[in-house]
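Spelled out, the chains give:
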Amino acid sequence: MIVEQMMKTDVIALKPSNTIADALNIVKQKNIRHLPIVDDEYRVVGIVTDRDLRDASPSIFHANEHLEDLQKPLSTIMKTNVITGHPLDFVEEVAALFYEHLISCMPIVKENKLVGIITESDLLYTLVQLTGAHQPGSQIEIKVPNRAGMLSEVASVFQKRNINISSVLIYPDQNEMYKVLVFRIQTMNPMAIIHDLKAQGYDVLWPNLPGVSS
C-alpha cells in the first residue's frame, strides 16, 4: 500500500503569521491534533501540534493573565525541521520513520506543495485493515524452518480445507533457523485446520489448544 491510498487530503493548514489563538480555535472546532504551517506557495515550512499550543497558552489557573501570548504568531512556536512524505511512498517505510523519529504525523507533499497528511492513527487503522483484524475470523501462528517455499507448503494445508486466508505476516523467530507465519483466516472454528497442521508436523504456536494432538 502506498501513502496516496490512506492519506487525508482535506488538510487544514495555517500560515506562520496566524496567531496561537487562531490555531487553538481551529484545533478545537475541527477536533484535530496537528496543523501544518505553509507559506504563500503552500510549501510546508513548519508544524504545530495541540501539545505545542497547550504549552504556549496561559495556565488554566491564570486564564485571564498573559492573554497577549495568544496573539503571538505561530512562527514563534512551530517546529521547522518537518519530516515530510510523498504520495507514492510505501506505508511501511513511513511507519519506520514514525518509529525512528518519534513523530505522530507526517505532511505529504508533491512538487513541494502540501497535498495530504497522515497520522499515527491512520497508520494503526491501515494495519488493522491489512491484517484483517477488523473482520470475523481466527489467527494461527506457525513456527517453520527458515527456508524457501515454506509459506506455499503451509498455505496448501489451508487450501485443502477450502479455508480463505485474509492476510499473512512473517517475522523472524529468536532462533534464526526458524521463522513464524501468522495467518488470519476466515473461519471462527480453527480446530480442524490446527489438527491438520499438527498432523503434518507443523509447530502451531497459537492457538495452543489442549486436546489437539501434535
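Preceding block: the structure.
Parameters and conventions
Residues numbered from 1 in each chain as written. Predicted model: local features only at pLDDT ≥ 70, side-chain atom pairs only at ≥ 80, totals over all residues. Heavy atoms only, no water. Core = buried A, V, L, I, M, F, W, Y, C linked by side-chain atoms within 4.5 Å. Buried < 20%, exposed > 50% of the residue type's maximum accessible area, 1.4 Å probe, protein only. Helix = DSSP H or I, 4+ residues; strand = E, 2+ residues; numbered from the N terminus. Contact = heavy atoms within 4.5 Å. Pairing = 2+ DSSP bridges. Axes fitted to C-alpha atoms, helices over the stretch in contact; angles between N-to-C directions. Parallel < 35°, antiparallel > 145°, perpendicular 65-115°, else oblique. Left-handed = near helix turned anticlockwise from the far one by under 90°. Nonpolar A, V, L, I, M, F, W, Y, C, P; charged D, E, K, R; others polar. Patch = residues over 30% accessible without salt bridge, like charges linked within 9 Å, V, L, I, M, F, W, Y side chains within 5 Å. Areas by Shrake-Rupley, 256 points an atom, 1.4 Å probe, with all protein chains shown as cover. Salt bridge = Lys/Arg side-chain N within 4 Å of Asp/Glu carboxyl O.

Our next topic: the nonpolar core. In this structure, I140, I142, V154, F158, I193, L197 and Y202 are the most contacted members of the largest nonpolar core, which totals 16 residues. Taken together, the elements giving at least two residues each to this core come down to β5 (138-145), α5 (150-160), β7 (178-185) and α6 (191-199). Look past the residues within four positions of I142 in its chain and what remains in contact with it is V154, F158, K179, V180, L181, F183, L197, Y202, D203, V204 and L205. The next biggest cluster of nonpolar side chains, apart from the first, holds 14 residues, and it includes A23, I26, L70 and M78.

Cis geometry marks the peptide bond from W206 to P207; its omega dihedral reads -5°. One can find P207 in the segment after β8 (203-206). Positive phi, close to 55°, is recorded for N31, a residue that is not glycine. Residue position: N31 is located in the loop between α1 (20-30) and β1 (34-38). Relative accessible area serves as the criterion here: at 69%, N31 is assigned to the exposed category.

The next point concerns the sheet that holds strand β6 (residues 165-172). The 4 strands lie next to each other as β6-β7-β5-β8, forming an open sheet whose pairing is antiparallel. With one partner strand each, in any of the chains shown, β6 and β8 form the two edges of the open sheet. Strand after strand, the sheet turns through a mean of 25° between neighbouring axes, direction not considered. Where β5 lies against β8, 3 bridges are found, and the strand directions are antiparallel. Residue I142 lies in a different strand from β8, and its bridge partner there is V204. Running at roughly 5° to β5, α6 makes contact with β5, β7 and β8 of the sheet.

Once that is clear, we can look at the packing of α5 against α6. Remark: α5 packs on α6, axes separated minimally by 10 Å, with the N-to-C direction vectors making an angle of 135°. Taken together, the axes of α5 and α6 are oblique relative to one another. Crossing handedness for the pair α5 and α6: right-handed. Every residue of α6 that contacts α5 at V154, V157 and F158 is listed here: I193, D196 and L197. In terms of residue class, the contact of α5 with α6 is built from 5 nonpolar, no polar and 1 charged.

A cluster of nonpolar side chains, L151, V168 and I170, forms an exposed patch at the surface whose accessible area comes to about 220 Å². With respect to the helices and strands, L151 occurs in helix α5. Note on L151: relative accessible area 33%, which makes it partly exposed.

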